[in-house]
Amino acid sequence: IKRILEDRIAGAVAMASSTPAYQFASKGYQASFAPQPKIEPDGLRAAAIDYIKKFDSKSWYNNPMRTILRGEHMTGGKEKRTLDAFGRENGAQILATNAQAEEVLRHVKNYRPPQVDFRAAMRRIDTKILSLPMAGEIIGNQALDFGKQDGITEIVEAVEANAVEQRLNDALFEDEQKGNVKIHRLPAFIGCVSNFSNFLDLCRKVLRNMELGVPVVVLSRSNTTQHCYRWFLLLLNLLAQEGIDSGMLTYFSCDIEQTKTLFRACPECPAYFTCSREVAESVKKNLPKIMSSTGGPNTMVATKYTPEISTALRYSAMIENKGQCTAMRHFVLPECTPEMVDEIFKPTPIINHVLESLESKGFAGLYAFNKYACGSDYKPVPSQPMIQWRMAPRPPQEIEERWREPVVDITAPSSSDFRSEVFVQELSQWLIKEQPITLAVNGDEDLAMKLFEQTGLGIYTVGTLENPGLTAQARPQDGECFGEFPPRAQLNTYTHLPVIIPSSTPGYNTEYTPEFLDRVAKGAYPLGLEYCEELFKGCSAPVLGMVKTLCTYLADSCGPKRGFGYDKGDRTSLFGLQRPPLLEESPTVFRAAAGTTFDELAPYLAPFY
């Protein structure tokens, strides 16, 4: 009996320890955060300021954007003017002709990478493009095009987070070499975001894909597209220096119809977009394997008005003139008055040029030329009439993101109502329905715990009235893992898979091999999960292998994991898997249509069983 138990324990431990590091919240994942390189921010700031001061505004006209395929710069198409974040003309773009668009399509259909492991070369490129002088150039271009007031922090955090995601990529590649998984290497479409393009697009979506042999096609945008094209040119030149085939990197300067045609013809290709839910829904109709990160009405809850809370609200609402995915759109403050609203936003600095914030180390200035229109139910803040607000005792029934617009919704219940179970339940239901990226709760840890248990958001921040947490903060390199998820009930409307950061980007288009699943199917369940044998024994070998893989993953990954900010003297963070909201009126329901087989149901049932 002793020998049998020892064998079973050894087998279960072997299975549990085999969960690869690229699996979120696994023990290997947690071990992937250290060490991290550093970069000095003051030098980045000085270089960016110098680049902007010397920038020739004619350069984006003289060297217009264009399609670049296999290193060839294509011209001859219709020329148009590009726009910055506030609709102002800032350069030229040559759209692809229909014949050139067909060439791009043929390339996507037929190109296969000459090798699958570019890690050494791509990481040398990674270091060069995020070091001076190039880092100052990409920060400067982003500031000029998008109006980003603090591009320095993005680069500092990208340098650190890239090291983490490189290790996750290493683990994925190692698993492929073992024959456990297959990375699909059809070209990936990259829909650039404007506010975090230097990290999310250049690093996460482009470099991390390419280093494991996934070709990429970077797509132009309707606005703020110049700075993404400029880092593309830097990257293309660095590829040539490393001797990497130029077919790995394509730029498609296109209109919407050309994009749709390309997507419809390439349904098996993955796409990585950070965008609004409306854009994600539209793209997914033509491109089912889109991995989209979408926004939501980020919310702060404070139990009381204090000077520190006032500052936190202003910073969260005005960050990058609300051009940040975690910027606050809505806050809850009991007994809030119009006078408080005016006091909160009165100190907001008005700026005319991005240099003003870069030179003063600001990040939440209000651009004087920002023009927008609100509905009649919004009011201007008396001391800052460019900022619009509306207030009600209950969360808003309808709320729009209002990207780049200084607009705030306020829920102001009475103090007694705020503390009631009815209000907390109502707020929880609102958060589930609207699915903000982040929720900050300041002044009441018990309330924060209730909202955590009764909702299912990507990020929660808990602070005090004296040291409040903002909505607009996340350091993935410290274990402040985040994701921009749509409402769970509508997940398939907007994305193929939800995206978590940090993670291995090529992993989103990777599958387990049949040989691996067959091998796992013949093995044991993890220790303590042997009771699953009876329910799932009738599954086919591939499905049983998937069920056991899930069980092994959950045995290894469940439970909160501590991040690494506290060890640096920064914030304490926990990350991990969260169960569905604990609400009686919101049970977890499986819907199986007539004819559904147990093989089809089993992988979805296993995590709950």
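The numbering scheme is per chain: residues are counted from 1 as the chain's sequence reads. Per-residue local features of the predicted model are confined to residues with pLDDT of at least 70, and side-chain atom pairs are confined, for both listing and counting, to 80 or more; whole-chain, interface and lining totals are unaffected and use all residues. To get the side-chain values, all heavy atoms of the structure are used, and hydrogens and water are removed first.

### As for the side chain of Gln149
Link 1 in the chain: Elements are defined by DSSP. Helices are runs of H or I of four residues or more, strands are runs of E of two residues or more, and each kind is numbered from the N terminus. By the secondary structure assignment, Gln149 is in the loop between helix H7 (134-146) and helix H8 (152-177).
Link 2 in the chain: Any N or O atom pair separated by 3.5 Å or less is treated as a polar contact, with the protein-specific requirement of one donor-capable and one acceptor-capable atom, and with residues adjacent in sequence counted only for side-chain atom pairs. Here the side chain of Gln149 touches Gly365 through a polar contact of 2.9 Å, landing on its backbone nitrogen.

### Remarks on the nonpolar core
Link 1 in the chain: Val206, Val218, Trp231 and Leu249 are the most contacted members of the largest nonpolar core, which has 75 residues in total.
Link 2 in the chain: Setting aside residues up to four positions removed in sequence, Leu249 forms contacts with Ile68, Val206, Met210, Val216, Val218, Phe232, Leu235, Leu236 and Leu239.
Link 3 in the chain: In this text, buried Ala, Val, Leu, Ile, Met, Phe, Trp, Tyr and Cys residues form a nonpolar core when linked through side-chain atoms within 4.5 Å. For the exposure calls, accessible area comes from a 1.4 Å probe over protein chains only, and a residue counts as buried if that area is under 20% of its type's maximum, exposed if over 50%, partly exposed in between. Within the second largest apolar cluster, 26 residues are counted, among which are Cys336, Ala364, Val408 and Leu470. We call two residues in contact when some of their heavy atoms are within 4.5 Å.

### A few points about the environment of Ile152
Link 1 in the chain: Tracing the backbone through its elements, the reader meets Ile152 in helix H8.
Link 2 in the chain: For Ile152, a relative accessible area of 1% puts it in the buried group.
Link 3 in the chain: Separated by 404 residues in the primary sequence, Ile152 and Asp556 have C-alpha atoms spaced 37 Å apart.
Link 4 in the chain: Those residues within four positions of Ile152 in sequence are excluded, and the remaining contacts are Pro41, Leu44, Arg45, Ile139 and Leu358.

### So, the environment of Gly91
Link 1 in the chain: Residue position: Gly91 is located in strand E4 (residues 89-94).
Link 2 in the chain: Apart from residues no more than four positions distant in its own chain, Gly91 is found in contact with Trp60, Tyr61, Lys80, Arg81, Thr82 and Gln226.

### Thoughts on the environment of Phe196
Link 1 in the chain: For Phe196, the location among the structural elements is in the loop between strand E6 (188-191) and helix H9 (197-210).
Link 2 in the chain: Considering only alpha carbons, one finds Phe196 and Gly151, 45 residues apart in sequence, at a separation of 8.4 Å.
Link 3 in the chain: What Phe196 contacts, discounting residues up to four positions off in sequence, is Gln142, Lys148, Glu154, Asp201 and Gln324.

### Some points on a negative patch on the surface
Link 1 in the chain: Residues Glu278, Glu281, Glu398, Glu400 and Glu401 make up a contiguous surface patch of negative charge.
Link 2 in the chain: Inspection of the secondary structure assignment puts Glu401 in the loop between strand E16 (384-392) and strand E17 (407-411). Patch membership requires over 30% relative accessible area and the absence of a salt bridge. Like charges are linked within 9 Å, and nonpolar side chains (Val, Leu, Ile, Met, Phe, Trp, Tyr) within 5 Å. In short, Shrake-Rupley with a 1.4 Å probe defines the accessible areas, and a residue's cover is counted only from the protein chains shown. The salt bridge definition used is simple: a Lys or Arg side-chain nitrogen within 4 Å of an Asp or Glu carboxyl oxygen. Residues counted as positive are Lys and Arg, residues counted as negative are Asp and Glu, and His and the chain ends are not counted. A charge is said to be at NZ when it belongs to Lys, at CZ for Arg, at CG for Asp and at CD for Glu.

### Some remarks on a nonpolar patch on the surface
Link 1 in the chain: Nonpolar side chains collect at one region of the surface, where Tyr531, Leu535, Phe598 and Tyr609 lie side by side and expose about 360 Å² of accessible area between them.
Link 2 in the chain: You can call Phe598 partly exposed: its relative accessible area is 32%.

### As for the packing of helix H6 (residues 119-129) against H8
Link 1 in the chain: It is at 13 Å that the axes of H6 and H8 come closest, and there the two elements cross at 170°. In terms of axis orientation, H6 runs roughly antiparallel to H8. Taken together, the residues of H8 that come into contact with H6 (itself represented by Arg119, Arg123 and Asp126) are Asn162, Gln166, Asn169, Asp170 and Phe173.
Link 2 in the chain: The classification used treats Ala, Val, Leu, Ile, Met, Phe, Trp, Tyr, Cys and Pro as nonpolar, Asp, Glu, Lys and Arg as charged, and all other residues, Gly among them, as polar. A class-by-class count of the residues in the contact of H6 with H8 yields 1 nonpolar, 3 polar and 4 charged. Axes, fitted as lines to C-alpha atoms, cover a helix only where it is in contact. Angles between the N-to-C directions of the axes lie from 0 to 180 degrees. Angles below 35 degrees are treated as roughly parallel, those above 145 as roughly antiparallel, those between 65 and 115 as roughly perpendicular, and all remaining angles as oblique.

### Section: the packing of helix H3 (residues 41-54) against H8
Link 1 in the chain: Contact geometry for H3 and H8: axes closest at 9 Å, N-to-C directions at 135°. Taken together, the axis directions place H3 and H8 in an arrangement best described as oblique. H3 and H8 meet at a crossing whose hand is right-handed. Between H3, through Pro41, Leu44 and Arg45, and H8, the contact on the second element is made entirely by Ile152, Ile155 and Val156.
Link 2 in the chain: Of the residues in the contact of H3 with H8, the class split is 5 nonpolar, no polar and 1 charged. A clockwise turn of the near helix away from the far one marks a right-handed crossing, whereas an anticlockwise turn of less than a right angle marks a left-handed crossing.

### Side note on the confidence of the model for the protein
Link 1 in the chain: Within a predicted model, pLDDT stands for the predictor's per-residue confidence, ranging from 0 to 100. Considering every residue of the protein, the mean pLDDT works out to 94; 97% of them sit at 70 or more.
Link 2 in the chain: Low pLDDT, under 50, characterises residues 4-17; the predicted model gives this stretch 12 contacts beyond four residues in sequence or across chains.

### Observations regarding helix H11 (residues 256-265)
Link 1 in the chain: When H11 is considered as a whole, its buried residues turn out to be Gln258, Thr259, Leu262 and Phe263. When H11 is viewed along its axis, its buried side chains cluster within an angular range of 135° and face the same direction.
Link 2 in the chain: Packed against the buried residues of H11 are helix H5 (98-110), E6, strand E7 (216-219), strand E8 (249-252), strand E9 (271-275) and helix H12 (277-286).
Link 3 in the chain: The residue sitting at the N-terminus of H11 and contributing the capping side-chain oxygen is Asp255; that oxygen lies 3.2 Å from the backbone nitrogen of Glu257. In this description, the arc belongs to the directions extending from the helix axis to the C-beta atoms.

### As for the sheet that holds E16
Link 1 in the chain: Here, a strand pair is defined by DSSP locating no fewer than two bridges between the strands. Strand order in the open sheet made by the 7 strands is E15-E16-E17-E12-E11-E18-E19, with mixed pairing throughout. Only two strands of the sheet have a single neighbouring strand rather than two, namely strand E15 (379-381) and strand E19 (459-463). Neighbouring strand axes in the sheet, compared pairwise and without regard to direction, differ in orientation by 25° on average.
Link 2 in the chain: Pairing of strand E11 (residues 299-302) with strand E12 (residues 330-332) involves 3 bridges; the strand directions are parallel. Residue pairing across strands places Thr299 opposite His330, the latter belonging to E12.
Link 3 in the chain: Along the sheet, helix H13 (residues 307-318) contacts E11, E12, E16, E17 and strand E18 (438-442); its crossing angle with E11, the most-contacted strand, is approximately 175°.
Link 4 in the chain: Across the sheet, helix H14 (residues 338-345) touches E12, E15, E16 and E17, and the angle it forms with E16 is around 140°.

### Let's talk about unusual backbone geometry
Link 1 in the chain: Omega for the peptide link from Ala34 to Pro35 comes to 0°, which places this bond in the cis form.
Link 2 in the chain: Within the secondary structure, Pro35 is located in the loop between helix H2 (27-30) and H3.
Link 3 in the chain: Across the junction of Leu132 and Pro133, the peptide omega takes the value 10°, indicating a cis bond.
Link 4 in the chain: Relative to the assigned elements, Pro133 resides in the loop between H6 and H7.
Link 5 in the chain: Positive phi, close to 70°, is recorded for Ala25, a residue that is not glycine.
Link 6 in the chain: If you trace the backbone, Ala25 turns up in the loop between helix H1 (2-17) and H2.
Link 7 in the chain: Given the relative accessible area of 0%, Ala25 is considered buried.

### Description of the pairing of E17
Link 1 in the chain: Burial of E17 is extensive: 5 of the 5 residues sit out of reach of the surface.
Link 2 in the chain: Across the two faces of E17 the burial is the same, with Val407, Asp409 and Thr411 and Val408 and Ile410 all buried.
Link 3 in the chain: Of the strand pairs in this sheet, E12 and E17 are connected by 3 bridges, and their pairing is parallel. In the strand pairing of E17, Val332 is matched with Thr411.
Link 4 in the chain: Of the pairings in the sheet, the one linking E16 to E17 comprises 5 bridges and is parallel in character. Within E17, the position partnered with Arg390 by the bridge is Asp409.

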